[in-house]
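Working through the structure, step by step
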Amino acid sequence: MTGADAPDYTAFAAHYDEWFGPAATTDDTVEALAGLLKTAGPGPALELGIGTGRIALPLAARGVEIHGIDASPAMVGQLRAKPGGQDIPVTLGNFSTAGPDAPDGTDTHYALVYVVNGTFAELPTQEAQVDCFANAARRLRAGGLFVLDAHLPEALTSSASSGGRVVPAEGGQLVLRYRETDRAAQHYRSHYVVFANRSTGGVDMHRTTVSFRYAAPGELDLMARMAGLRLRERWGNWKGAPFTSSSTGHISVYERPAREGNADE
Ligand SMILES: C[S@@+](CC[C@H](N)C(=O)[O-])C[C@H]1O[C@@H](n2cnc3c(N)ncnc32)[C@H](O)[C@@H]1O
């Protein structure tokens with residue numbers, strides 16, 4: 001898989017934060033990642049799919065040294081245009097295999113590698129997802145953490161989740177989401193139609209589709225194990241709520257063990 005295979009965010013990069021980054025989730029995500037970083041020990045953080053810097057910029061403002069990787073020049077352009085956005089080193093490429101080189105020429109120096117807002121599921125195949133775990137693990141120093149969020153398949157394929165829904169967006173805009181799932185392929189596609197207010201009155205309409213491959217926690221844990229990582233914690237949301245049978249998604253925190261080859265300890 002190359003960067004050219006990654007989803008194309010060009011058409012809505014300029015509106016991503018308004019349409020897909022509700023402020024409450026942003027604050028909770030930043031708070032949780034900052035807390036995890038304290039437990040992971042010293043070292044920089046790496047965001048896979050850094051996008052507009054919705055999460056990376058507030059983390060950097062807390063003094064976290066942060067790097068990113070993203071396949072979309074349009075999304076990174078949005079990051080660059082924000083205050084502080086020029087200061088974050090970003091590699092353009094596919095995060096399932098690529099990443100920034102460390103100053104010492106090795107790639108094992110990150111305390112935290114994370115991929116959020118459903119971005120891991122944008123990797124379209126099991127192979128690309130397995131590669132992503134291996135890529136993240138290789139960049140973590142011993143004791144470092146790999147964190148991702150994901151929906152639960154049961155929640156995605158339930159009748160309540162399928163079909164049409166209105167998703168809240170900032171600025172009084174209306175986002176209609178229609179989700180189609182293909183259970184045999186473990187794929188779903190979310191079609192978005194956005195009605196944006198024009199300053200001159202009236203509305204503009206935009207349409208986009210994003211495809212995902214979903215995986216159950218057990219499959220993700222196996223990918224982690226293949227990469228030499230082990231599950232440290234699993235939460236039901238970014239506020240750290242317990243993961244229970246009524247959870248619709250999860251935050252999974254994987255750890256690279258202090259000694260090599262001890263993912264089961
Ligand atoms: C849903 S956005 C999330 C952006 C940011 N992480 C956030 O939470 O606001 C997904 C981002 O990941 C990038 N992306 C998706 N798949 C990618 C891949 N395989 N390699 C590199 N970037 C990818 C997209 O270009 C986009 O910027």
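For the structure given in this document, a descriptive report is provided here. (Residues numbered from 1 in each chain as written. Predicted model: local features only at pLDDT ≥ 70, side-chain atom pairs only at ≥ 80, totals over all residues. Heavy atoms only, no water.)

Let us now look at helix 5 (residues 126-139). With 14 residues, helix 5 should cover 20 Å at 1.5 Å per step; its first-to-last C-alpha distance of 20 Å lies within 8% of that length. Looking at helix 5, one finds that the buried residues are Ala 128, Gln 129, Cys 132, Phe 133, Asn 135, Ala 136, Ala 137 and Arg 139. (Helix = DSSP H or I, 4+ residues; strand = E, 2+ residues; numbered from the N terminus. Expected span 1.5 Å × (residues − 1). Buried < 20%, exposed > 50% of the residue type's maximum accessible area, 1.4 Å probe, protein only.)

When two helices pack together, their arrangement is given by the angle between the helix axes and the distance between those axes. The contact between helix 5 and helix 7 (residues 217-226) brings their axes to 8 Å, and the two run at 50 degrees. One finds that helix 5 runs oblique with respect to helix 7. The chirality of how helix 5 crosses helix 7 is right-handed. Judged by residue contacts, Gln 126, Gln 129, Val 130 and Phe 133 of helix 5 engage Glu 219, Leu 220, Met 223, Ala 224 and Met 226 from helix 7. Here the residues of the contact of helix 5 with helix 7 sort into 6 nonpolar, 2 polar and 1 charged. (Axes fitted to C-alpha atoms, helices over the stretch in contact; angles between N-to-C directions. Parallel < 35°, antiparallel > 145°, perpendicular 65-115°, else oblique. Left-handed = near helix turned anticlockwise from the far one by under 90°. Contact = heavy atoms within 4.5 Å. Nonpolar A, V, L, I, M, F, W, Y, C, P; charged D, E, K, R; others polar.)

Here the structure, examined in full by the defined rule, presents 8 salt bridges. A salt bridge links Lys 82 to Asp 17; its shortest N-O distance comes to 2.5 Å. Taken as a pair, Lys 82 in the loop between helix 4 (73-80) and strand 3 (90-92) and Asp 17 in helix 1 (residues 16-20) lie far apart in primary sequence, 65 residues in all. Owing to a relative accessible area of 23%, Lys 82 belongs among the partly exposed residues under this scheme. Two residues, Asp 28 and Lys 239, come together in a salt bridge whose shortest N-O distance is 3.3 Å. In this pair, Asp 28 is assigned in helix 2 (residues 23-40) and Lys 239 in the loop between strand 10 (230-235) and strand 11 (249-255), connecting sequence segments 211 residues apart. Using a relative accessible area of 64% as the deciding quantity, one classes Lys 239 as exposed. (Salt bridge = Lys/Arg side-chain N within 4 Å of Asp/Glu carboxyl O.)

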